[in-house]
Amino acid sequence: MGTLTVWKFDSASGADEAVAVLRDLASKQLIKIQDAATVRWDEGKKKPKTHQLNNLAGAGALGGAFWGMLFGLIFFVPLLGAAIGAAAGAVGGAFTDVGIDDDFIRRVRDEVTPGTSALFVMSSDAVVDKVKEAFAGSSPELIFTNLTDEQEAAIREAFAEQD
C-alpha cells in the first residue's frame with residue numbers, strides 16, 4: 001500500500017533540508033520512495049516554488065502532471081498557462097476518485113503559507129518509528145493520506161505523463 005505524506009516545516013528552507021534525511025532513510029531501506037516533491041514559500045512571495053525530486057525516485061512514478069495538478073489545486077498556481085477556476089472542479093473530482101479529498105487539500109492550503117515549506121512524498125514500506133525519529137530534530141508537522149493499492153494505481157493511471 002502506498003502513502004502520500006506531507007511534512008510541513010516552519011521555515012522556507014525546512015523541506016529542502018529534509019530531502020537529505022529522506023535520501024538517507026531510503027538508502028538504509030527504511031522507506032521506499034515512489035515519488036517526491038517540495039514546496040518552498042519564501043516570505044514576501046505571492047506564490048510558492050515547487051520542485052519534483054526525480055533524483056529520489058528515478059524518473060518519478062507519478063510524474064510532473066500529478067504534482068503540477070496537485071500543487072495547482074492547492075496553491076492556485078496556474079499550470080502551463082491554464083486557468084485554474086474552470087478546471088478546478090474536474091481536477092478536484094479526479095483527486096477525490098483516488099483518495100485525496102477536499103479536507104486534505106484545504107488543510108495543506110491553510111497550513112503551507114509564506115515562510116513555510118513542505119515535503120510531499122509518495123512512499124511505501126516505511127519503518128514508521130525510524131522515519132518519525134529521523135525527522136524529530138526538524139519538528140515537522142505530518143499531514144498524511146493513506147492510499148489503498150487501488151487508489152495508488154488510479155493515481156498513477158490518472159496522472160501518468162503522456163509521451
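Quantities reported herein were computed from a predicted structural model and do not represent experimental measurements.

**Q** Can you walk me through helix H1 (residues 14–27) in this structure?
**A** Side chains three or four residues apart in an α-helix point the same way, a direct result of the helix having 3.6 residues per turn. Given a rise of 1.5 Å per residue, 14 residues ought to cover 20 Å, and the 20 Å separating the end C-alpha atoms of H1 matches this to within 8%. Elements that come into contact with the buried residues of H1 comprise strand E1 (3–9), strand E2 (32–41), strand E4 (116–124) and helix H5 (128–135). Remark: Gln29 follows H1 within two positions and exhibits a positive phi of approximately 60 degrees.

**Q** Explanation requested: the packing of aromatic side chains in the structure shown.
**A** Geometrically, a pair of aromatic rings is defined through the distance of the ring centres and the angle of the planes. According to the stated counting rule, one finds 4 aromatic pairs in the structure shown. Look at Trp41 and Phe75: their rings are 5.9 Å apart centre to centre, the planes differ by 90 degrees, and that puts the pair in the edge-to-face class. Taken together, the residues Trp41 in strand E2 and Phe75 in helix H2 (residues 63–75) connect sequence positions 34 residues apart. An identical accessibility class is assigned to Trp41 and Phe75; each is buried. An angle of 45 degrees between the planes, with centres 6.3 Å apart, marks the rings of Phe71 and Phe75 as tilted. Separated by 4 residues within a single helix, Phe71 and Phe75 lie in helix H2, roughly one turn from each other. We classify Phe71 as buried; its relative accessible area is 5%. Here Phe75 falls in the buried class, since its relative accessible area comes to 9%. What links up through ring pairs into an aromatic cluster is the set Trp41, Phe71, Phe75 and Phe120.

**Q** What should I look at first to understand the pattern of salt bridges in this one?
**A** Two side chains with opposite charge may pair up if their charged atoms get near one another. A complete count under the given rule lists 7 salt bridges for this structure. We note a salt bridge from Asp103 to Arg106, for which the minimum N-O separation is 3.0 Å. Here Asp103 and its partner Arg106 are both found in helix H4 (residues 102–111), 3 residues apart, which amounts to about one turn of the helix. Note that Glu111 is salt-bridged to Arg107, the shortest N-O span being 2.9 Å. Separated by 4 residues within a single helix, Glu111 and Arg107 lie in helix H4, roughly one turn from each other. One connected set of salt bridges, linked through shared partners, spans Asp16, Arg40 and Asp42.

**Q** How should I be thinking about the pairing of E2 in this particular structure?
**A** Working note: regular strand, side chains alternate between the two faces of the sheet. The buried fraction of E2 amounts to 8 of the 10 residues, a majority that puts the element mostly inside the structure. Pairing geometry for E2 and E4, over 9 bridges, is antiparallel. In the sheet register, Ala37 faces E4, and the bridge partner there is Phe120. Both E2 and strand E3 (residues 49–52) contribute to a ladder of 4 bridges, which runs antiparallel. Bridging across to E3, Val39 finds its partner in Thr50.

**Q** When you look at the environment of Ala134 in this model, what are you seeing that I'm missing?
**A** Locating Ala134 in the fold gives a position in helix H5. On the basis of relative accessibility, which here comes to 33%, the residue Ala134 falls in the partly exposed class. Along the chain, Ala134 and Val21 lie 113 residues apart, while their C-alpha atoms are 6.9 Å from each other. With near-sequence residues (within four places) excluded, Ala134 lies in contact with Val21 and Leu25.

What counts and what doesn't
Every chain is numbered on its own, with residues counted from 1 as its sequence reads. With the structure being a predicted model, the display of local features is reserved for residues of pLDDT at least 70 and the display and counting of side-chain atom pairs for 80 or more, all residues being used for whole-chain, interface and lining totals. Only hydrogens and water are set aside when side-chain values are computed; all heavy atoms of the structure are taken into account. Only runs of H or I of at least four residues qualify as helices and only runs of E of at least two qualify as strands under DSSP, and these elements are numbered from the N terminus. One fewer than the residue count of a helix, multiplied by 1.5 Å, yields its expected span. Two residues form a contact once any of their heavy atoms are found within 4.5 Å. Whether two aromatic rings pair depends on their centres lying within 6.5 Å, for rings of Phe, Tyr and Trp, where Trp uses its six-membered ring; planes under 30 degrees apart make the pair stacked, over 60 edge-to-face, and the rest tilted. Burial classification: accessible surface area is computed with a 1.4 Å probe over protein chains only, and a residue below 20% of its type maximum counts as buried, one above 50% as exposed, and the rest as partly exposed. Put simply, a salt bridge is a Lys or Arg side-chain nitrogen that is within 4 Å of an Asp or Glu carboxyl oxygen. Think of it this way: DSSP has to see at least two bridges between two strands before they count as a pair.

Nothing here speaks to function; it is all geometry.
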